[in-house]
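Here are the chains, one letter per residue:
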Amino acid sequence: MIEKTSEFIERLMVCEPAVRAQFEYSDLEAASETAGDPDPLCEQDYEVAPGLINKYGNRVLCLLTTECPAYCRFCTRRRLVGDGAPDFAGADRVDAWVEYLNSHPEVREAIISGGDPFVVEDALFRYALEQLSAVASVKVLRIGTRAPVTDPMLVTDEKLDAIAKVEQPVYVGIHFEHPSELTPQTVRCVRNLRLAGAILYSQTVFLRGINDDYRTLYDLFTGLLEIGVRPYYIYRCDPVPGAAHFRVDPAKERHIMTELRRTLSGLACPTYVIDAPHGSGKIPVPLEFWECDMSSYKDFDGKRHANE
Ligand code: SF4
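**Here's the deal with the nonpolar core**
The biggest cluster of nonpolar side chains holds 84 residues, and the ones touching the most others in it are Leu64, Leu129, Ile143, Ile163 and Leu193. With sequence-adjacent residues up to four places away left out, Leu193 is seen in contact with Phe118, Pro148, Val155, Leu160, Ile163, Val172, Ile174, Ala198 and Leu200.

Listed below in structure tokens is the structure:
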């Protein structure tokens, strides 16, 4: 697997063990390297054009690149992002997405993701935003990124300007794991995104030994709300190969989330979900306010899964 870290995150890794553990290879990976599922969300089955995934009907995922400034060792798209040569969309691929969207007016949301979309050249970033927002049936644009944490310099003035020019609401989902990621540079980058008119939310994954305790997540979610990022989802870590050592006991996750729900401002509390295998969707986990033994759950298609 490719080992890549930006200079920015390398500096943070030196002084922050919780950051280092997310990006540094561990011998523990070898123990589950052949277990798990390289595509747990079955995205490949729903690829309707190169780099375009339509799994949910009313929204599409546009993979602008498979490259990231730094590789998280628990990445759900590890099969694309970490393994193999980076793949970038070009204008021709964006044009093919637009053609698909024009013939599928039921799609209302385009989610630009990757890899990290802020890695690409400013010109391609701008082109993708301009073209996707020009599709009349696309009412919402979303961008999934970790660049404000891993390499804030990638959020350039040109890219901010491209966001500011989009007429539809642009929601930027930023991946955060630990309060030590709220560096002054990240906070400044978040502010710039807000000033460009983006609506910000966060996504987090439960990670053993990194954020699987009440205090860490309380501080993270409170810190995010206070810089204008609405905590949105916290996920159970997907069963990708090499990531078993990051997975937390589900009962512990549920207990932490129950305590957080009790004490956090409602706006600061994300929804705790399991991204169901076979691409069914994000299933909310009932907290300890409800009777539930956590052993299994039904997905949105009514299929029952063991909660492993
Ligand atoms: S930022 Fe996201 S896509 Fe990139 S390596 Fe991390 S989890 Fe994977």
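**A closer look at the packing of aromatic side chains**
Each aromatic ring pair is described using two quantities: the centre-to-centre distance and the angle formed by the ring planes. Across all of its chains, the model carries seven aromatic pairs by this definition. Grouping aromatic residues by their ring pairs yields a cluster made of Tyr201, Tyr232, Tyr233 and Tyr235. Lys159 extends its terminal NZ or CZ atom over the ring of Phe125, reaching a point 5.9 Å from the ring centre.

**Looking at helix α11 (residues 250–263)**
For α11, with 14 residues, the first-to-last C-alpha span of 20 Å sits near the 20 Å given by 1.5 Å per residue. Within α11 the residues assigned to the buried category are Pro250, Glu253, Arg254, Ile256, Met257, Thr258 and Leu260. A side-chain oxygen of the first residue of α11 lies 3.1 Å from the backbone nitrogen of Ala251; this N-cap is Asp249.

**Quick look at the packing of helix α6 (residues 122–133) against helix α8 (residues 157–165)**
Where α6 contacts α8, the axes come no closer than 9 Å and their chain directions differ by 10 degrees. What the angle tells us is that α6 and α8 run roughly parallel. Taken together, the residues of α8 that come into contact with α6 (itself represented by Asp122, Phe125, Arg126 and Leu129) are Glu158, Lys159, Asp161, Ala162, Ile163 and Lys165. Considering only residue class, the contact of α6 with α8 consists of four nonpolar, no polar and six charged.

**Description of the sheet that holds strand β3 (residues 59–63)**
As summarised here, the arrangement of the 10 strands in space is β1-β2-β3-β4-β5-β6-β7-β8-β9-β10, forming an open sheet in which the pairing is mixed. Both outer strands of the open sheet, β1 (47–49) and β10 (281–284), are each paired with one neighbouring strand and no more. Across five bridges, β3 lies against strand β4 (residues 109–113) in parallel orientation. Its bridge partner being in β4, Val60 is matched across the sheet by Ala110.

Calculation rules
- Residues numbered from 1 in each chain as written.
- Predicted model: local features only at pLDDT ≥ 70, side-chain atom pairs only at ≥ 80, totals over all residues.
- Heavy atoms only, no water.
- Core = buried A, V, L, I, M, F, W, Y, C linked by side-chain atoms within 4.5 Å.
- Buried < 20%, exposed > 50% of the residue type's maximum accessible area, 1.4 Å probe, protein only.
- Contact = heavy atoms within 4.5 Å.
- Phe/Tyr/Trp six-rings, centres within 6.5 Å; stacked < 30°, edge-to-face > 60°.
- Lys NZ or Arg CZ within 6 Å of the ring centre and 35° of its normal.
- Helix = DSSP H or I, 4+ residues; strand = E, 2+ residues; numbered from the N terminus.
- Expected span 1.5 Å × (residues − 1).
- Polar contact = N/O pair within 3.5 Å; in protein donor to acceptor, adjacent residues only side chain to side chain.
- Axes fitted to C-alpha atoms, helices over the stretch in contact; angles between N-to-C directions.
- Parallel < 35°, antiparallel > 145°, perpendicular 65-115°, else oblique.
- Nonpolar A, V, L, I, M, F, W, Y, C, P; charged D, E, K, R; others polar.
- Pairing = 2+ DSSP bridges.

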